[in-house]
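Overview (structure and organization)
Below are the chains, spelled out letter by letter.
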Amino acid sequence: MRKCELKNLDLVFEKISESALLYLPVEGENGADYKKWEKGVKLSKSLNTNKSPKDFFFPQSEDLMEFKTSGKEIEVVDTRNSKEDFVVFGVRACDVKSFEILDRVFLSEPCDSYYADRRQHGIIISMACTRPSETCFCQTFGIDAASPVGDISCWKTEDSVYFDGNSEKGKKLLETISSLMEECDSKAVEEQKSKTAEIMKKLPLANLTADKFGGGKTEEFFNDPAWAELSQACLGCGTCTFVCPTCQCYDIKDYNTGKGVIRFRCWDSCMYSDFTKMAHGNSRNSQTERFRQRFMHKLVYFPENNEGIFGCVGCGRCMNKCPISMNIVKVMKKLGGKTNE
Amino acid sequence: MQKITSEMLIQKACDLLENKTVNRVLGWKTGEFAYDITPAVFSDCESVKAEFVFNDFCGANFSKYLVKETAKSDGKILVFLKPCDTYSFNQLLTEHRFNRDNVYVVGIPCEGMVDINKAKKIVGDGIVGVSSKGDDIVVETLYDGDVTVDAKSVLAERCMACKSKKCVAYDELMGENGEVIESNRFDEVQRLENMTEDERFAFWQSELSKCIRCNACRDICPACTCEKCVFDNPNSGVENKAVSDSFEEKMFHVIRAFHVAGRCTDCGECSRVCPQNIPLHLLNRKFIKDINEFYGEYQAGEVAGSRAPLVDYTTDDIEASDAVKKGDESNA
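Residues numbered from 1 in each chain as written. Chains lettered and ligands numbered in written order. Predicted model: local features only at pLDDT ≥ 70, side-chain atom pairs only at ≥ 80, totals over all residues. Heavy atoms only, no water.

Across its full length, chain B carries 13 helices and eight strands. Taking 20 Å as the expected radius of gyration for a compact globule of 332 residues, we find that chain B reaches 21 Å, a close match to that expectation. Overall, the C-alpha framework of chain B stretches about 60 × 50 × 45 Å when taken along its three principal axes. Out of the 332 residues in chain B, the part that is buried amounts to 56%. If you take every contact in chain B between residues at least 6 apart in sequence, the share linking residues at least 24 apart comes to 69%. Within the structure as shown, chain B displays about 15,000 Å² of accessible surface, and the carbon and sulfur contribution to it stands at 50%. Placing the 40 positive and 56 negative side-chain charges of chain B at their respective mean positions leaves the two points 3 Å apart. (Helix = DSSP H or I, 4+ residues; strand = E, 2+ residues; numbered from the N terminus. Rg over C-alpha atoms; globule rule 2.2 N^0.38 Å. Buried < 20%, exposed > 50% of the residue type's maximum accessible area, 1.4 Å probe, protein only. Contact = heavy atoms within 4.5 Å. Areas by Shrake-Rupley, 256 points an atom, 1.4 Å probe, with all protein chains shown as cover. Lys, Arg positive; Asp, Glu negative; His and termini not counted. Charge placed at Lys NZ, Arg CZ, Asp CG, Glu CD.)

This is how it looks when you write it as C-alpha cells:
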C-alpha cells in the first residue's frame, strides 16, 4: 500500500493524465458528474455522481457502423475510433460491482467487441465510501462500501489518499505515479474500514435483504397482485433505467443520412411503450407488465442466469431520481413481505 | 410549513368514502423517508389511515392521473388538489380529457413545497427525517443530528415564484381560499431575453445537452396527454431515446414547448422531475410571457372552457408580422 498527501492529489491527477485521459466526479450546480480532468478541475466531495459511470463502457448512444452507397456499390465502414487508454477515478463500490454485472452480459459469448474494447482500454480507480447516504443499500447485495476493488483501490482520509494496486494494469499504472507516493502500512485504512462498517449498520436500509428473491422465483412473484399497485403511479419515463448503473438493454436503429445509413445503438428502457416491439406487436402492453419486467429482471431473471448475482447494486440513484419516488426498495419490501425489512 | 395536516385529509377522505360520495381516493402515500412520497389510489378508509400522508414533499400534481383513473370506473374519485394543480385540472377539462362528474375535488391550501435536493445541498447526504416547525424545517441527519433550516431556503424553485394561492376548481374547500399572487416568475425569462442571441443559444445548448431523453418532463406534463406521442412512434422518423444528435435533443424540447404553448399552466412539474435539473419551465414561461404581451393577460386553466388566444381569433389580434417584429425587438 502507498499513500500521498491529500494536497498532492492534483499532482497524481496530472501525472496520470500524461499517459491517459482521466475522468473523475466533479461538482456541478446540481450534484456531481464525471468530467475530464484538466488543470484546475477538482475532485467532487459528493458521495456519488448523478449518472452512473456505465457510459464509459456502454455509452448512451454510439455508432456501430456506416453504410455508404455510391451507385450500386455499398461500402461498410467500421466507425470505431482508435481507442485511447482512459482512467476513471473515484468509482464507488456499488458502481465497481456494476461493471461485473455488465461484463457478464457483454463479455459472454458472443462477446460485444465495442464494449470489450472500452473495458480493455479503461482503468478503474475505486474510492471507498466514508459517509454513505440514507438511500444506500449496497450491503443488501453483499457489497462492502469500505473496500471497493477497482484496478486500483483508493481510500481518502482527512489528510492522505491511500492506493493499493489490484489488477495487472492497475499495478502498472500505480508504478507510474509511485514517485509521488510513499510506502505505508494499512493501519489508517483498516481504521477507516471499521468506522464505515459501524455506520453501515445504522443506515435506514441496513436490514433490507434480497433473500426472498433470486433464481427460480419466477412463478412465486410473476403473478403477484402487488405489481398493479406498485406500478399504479409509474409515468413510464426512462429515468430509473437511464441513471441505473446496471440497466443494459439497448436498441439498434438505422439513421438515413441521405447518402447511406448510420447504424447506431442507444440505451433502451423497459419502461418505454416501444420496448421489444416486434413485427407482431408488443409483448408487454401495459405499464404494469413493463414495470414488472424491470424488477423481475434484476431480482429473479438475472440471478437465475448468473449464479445468483442480482442485477442491482444498491446505489440508490433510482431512489433519488424517480419522479414519483417508486423504486426497487419499495418493490422488495412489498413483495418480500414485512419480514423483509 | 403546511397548515393542513395529514389527519385532516385522512378524516375527510374517510368521511367521503364512508358516505359513498366517492369510491376511491387519489392521494399521497408514505415512503421510506419523509420525502419519497408516491401518488396512490386508496379504496378504503383502512388503507388511507395506514398510508396516506400530506406534508411538505407532496409536490406531485394529480390532475393528469385523472385521465387514466376516471376511465377505469364509473364511481367518483376523490382528489386533493393544491391551488396550482387546480389550474391543470381546469385545463384538462377544457380539453375534454376526463369526465368532471367522475371526480370530487377537495381544494387544499398550500404553503409551498420543499425541494429535497436543496435540503441535501445544505445539510448533505444522510437525511433520515424531515419535519416542519413553524417557518423552519428540522432535518434529522445521520451525521450531524438535527439541523434546523429556514423553510424559505429549501422551498422548491417553482414555489418561490408561486403565481396563485387560489383554488380555481373544487367541490369543496378545506381552509380559506387564497389569492392570485403578483409573482416574479418572468424575471428569469427577462434575464434570458436580455442576453444576446449567441449567449442565449449557448445557455440552452449547455442546458439541453444534459438531456438523457428519459421523457419524464413529457410523461409528467398535464398538458401532454396525447394518447400516442409523436416521439414514441417508431414510424415518425424521430428518435425518442438516442442522444446521438444534439439537434434532435433541442428539437424535442422546443417542439414540446410549442405544443403546450397556450395550454401550459406553468405548474412546474417538468423541471421538478428532470433528473438532470434542466430548467425546462423557462421555455414554457417564455411562451406564456409572449402570449400575455401579444394578446393580453391570459392564464391557462384559470377558467374551465376558456378559449386560449392561440386557438381563438379576434379582429384585435396582433398581425403575425407585428408579432415577429416585437419578438425581434425583445430579443435584440
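Now that the structure has been shown, the text picks up again.
Take helix 9 (residues 287-305) of chain A next. Residues and elements named next belong to chain A. The terminal C-alpha atoms of helix 9 lie 25 Å apart, and with 19 residues this matches the ideal 27 Å at 1.5 Å per residue to within 8%. Largest kink in helix 9: about 55 degrees, centred on H297. Just downstream of helix 9, E307 is the residue with a positive phi angle, here 50 degrees. (Expected span 1.5 Å × (residues − 1). Bend = angle between axes of the 7 residues up to and from the residue.)

Bringing unusual backbone geometry into the picture now. The omega angle of the peptide bond from A:E109 to A:P110 is 0 degrees, so this bond is cis rather than trans. Relative to the assigned elements, A:P110 resides in the loop between helix 2 (93-106) and helix 3 (113-121). A positive phi angle, near 60 degrees, is found at B:R213, a position not held by glycine. Checked against the element boundaries, B:R213 lands in the loop between helix 8 (197-208) and helix 9 (216-220). Unlike most non-glycine residues, B:N215 shows phi in positive territory, near 70 degrees. Relative to the assigned elements, B:N215 resides in the loop between helix 8 and helix 9. The class for B:N215 is buried, based on a relative accessible area of 2%.

On the side of chain A, 50 residues touch chain B, which itself brings 44 residues to the contact. A buried area of about 3,700 Å², summed over both sides, lies between chain B and chain A, and 49% of it is on carbon and sulfur atoms. Counting across the interface, chain B meets chain A through eight salt bridges. Ionic pairing is found between A:E134 and B:K120, a salt bridge with its closest N-O pair at 3.2 Å. At the boundary of chain B and chain A, one finds 26 residue pairs in polar contact (both at pLDDT 80 or more). Counting only elements with at least two residues in the side of chain B that touches chain A, the list comes to strand 2 (38-42), helix 3 (65-70), helix 5 (116-123), strand 5 (127-133), helix 9 and helix 11 (269-273) of chain B. No other element matches the four residues that strand 2 of chain B contributes to the side of chain B that touches chain A. (Buried area = accessible area lost by both parts, 1.4 Å probe. Salt bridge = Lys/Arg side-chain N within 4 Å of Asp/Glu carboxyl O. Polar contact = N/O pair within 3.5 Å; in protein donor to acceptor, adjacent residues only side chain to side chain.)

Residues and elements named next belong to chain A. Following both chains from N to C, one finds helix 9 and helix 11 (residues 328-336) inclined at 80 degrees, their axes separated by 11 Å at the closest point. Between helix 9 and helix 11, the interaxial angle falls into the category roughly perpendicular. Touching F291, F295, K298 and L299 of helix 9 are I328, V331 and M332, all from helix 11. Looking at the contact of helix 9 with helix 11, its residues break down into six nonpolar, no polar and one charged. (Axes fitted to C-alpha atoms, helices over the stretch in contact; angles between N-to-C directions. Parallel < 35°, antiparallel > 145°, perpendicular 65-115°, else oblique. Nonpolar A, V, L, I, M, F, W, Y, C, P; charged D, E, K, R; others polar.)

Residues and elements named next belong to chain A. Ordered in space as 5-4-12-11, the four strands form an open sheet in which the pairing is antiparallel. The open sheet has two edge strands with one neighbour each: strand 5 (73-78) and strand 11 (250-256). Strand-to-strand, the axes of this sheet are offset by a mean angle of 20 degrees, without reference to chain direction. Two elements, strand 4 (residues 61-70) and strand 5, share six bridges in a ladder whose sense is antiparallel. When the sheet's bridge partners are listed, T69 is paired in strand 5 with I74. Taken strand by strand, helix 3 contacts strand 4 and strand 12 (260-267), and its axis lies near 125 degrees from that of strand 4. (Pairing = 2+ DSSP bridges.)

Another aspect to go through is the pairing of strand 12 of chain A. Residues and elements named next belong to chain A. Burial within strand 12 is extensive, with six of its eight residues counted as buried. Sheet analysis places strand 11 next to strand 12, joined by seven bridges and oriented antiparallel. Bridge pairing in strand 12 links K253 to F264. Hairpin connection, strand 11 to strand 12: the antiparallel pair is bridged by three residues, and G258 has positive phi, about 95 degrees.

What follows deals with the pairing of strand 4 of chain A. Looking at chain direction, strand 4 of chain A and strand 12 of chain A are connected through seven bridges and run antiparallel. When the sheet's bridge partners are listed, A:E62 is paired in strand 12 of chain A with A:R265.

As a further point, take the packing of aromatic side chains. Remark: the centre distance and the inter-plane angle together describe each pair of aromatic rings, the angle taken between the planes. Tallied over the entire structure, the rule returns 33 aromatic pairs over all chains. Aromatic side chains A:F137 and A:F141 sit 6.0 Å apart centroid to centroid with 55 degrees between the ring planes, which places their arrangement in the tilted category. Positioned above the aromatic ring of A:W267 is the side chain of A:K54, whose terminal nitrogen or guanidinium carbon lies 4.4 Å from the ring centre. Directly above the ring of B:F252 sits B:R213, whose terminal nitrogen or CZ lies 5.0 Å from the centroid. (Phe/Tyr/Trp six-rings, centres within 6.5 Å; stacked < 30°, edge-to-face > 60°. Lys NZ or Arg CZ within 6 Å of the ring centre and 35° of its normal.)

What follows is about the sheet that holds strand 4 (residues 103-107) of chain B. Residue and element names in this part refer to chain B. An order of 2-1-3-4-8 is seen for the five strands of this open sheet, with the pairing classed as mixed. For this open sheet the edge positions go to strand 2 and strand 8 (172-173), each flanked by a neighbour on one side alone. One ladder, built from three bridges, connects strand 1 (residues 24-29) with strand 3 (residues 77-81); its direction is parallel. Within strand 3, the position partnered with V25 by the bridge is L78. Across the sheet, helix 1 (residues 6-18) is in contact with strand 1, strand 3, strand 4 and strand 8; its angle to strand 3 comes to roughly 160 degrees.

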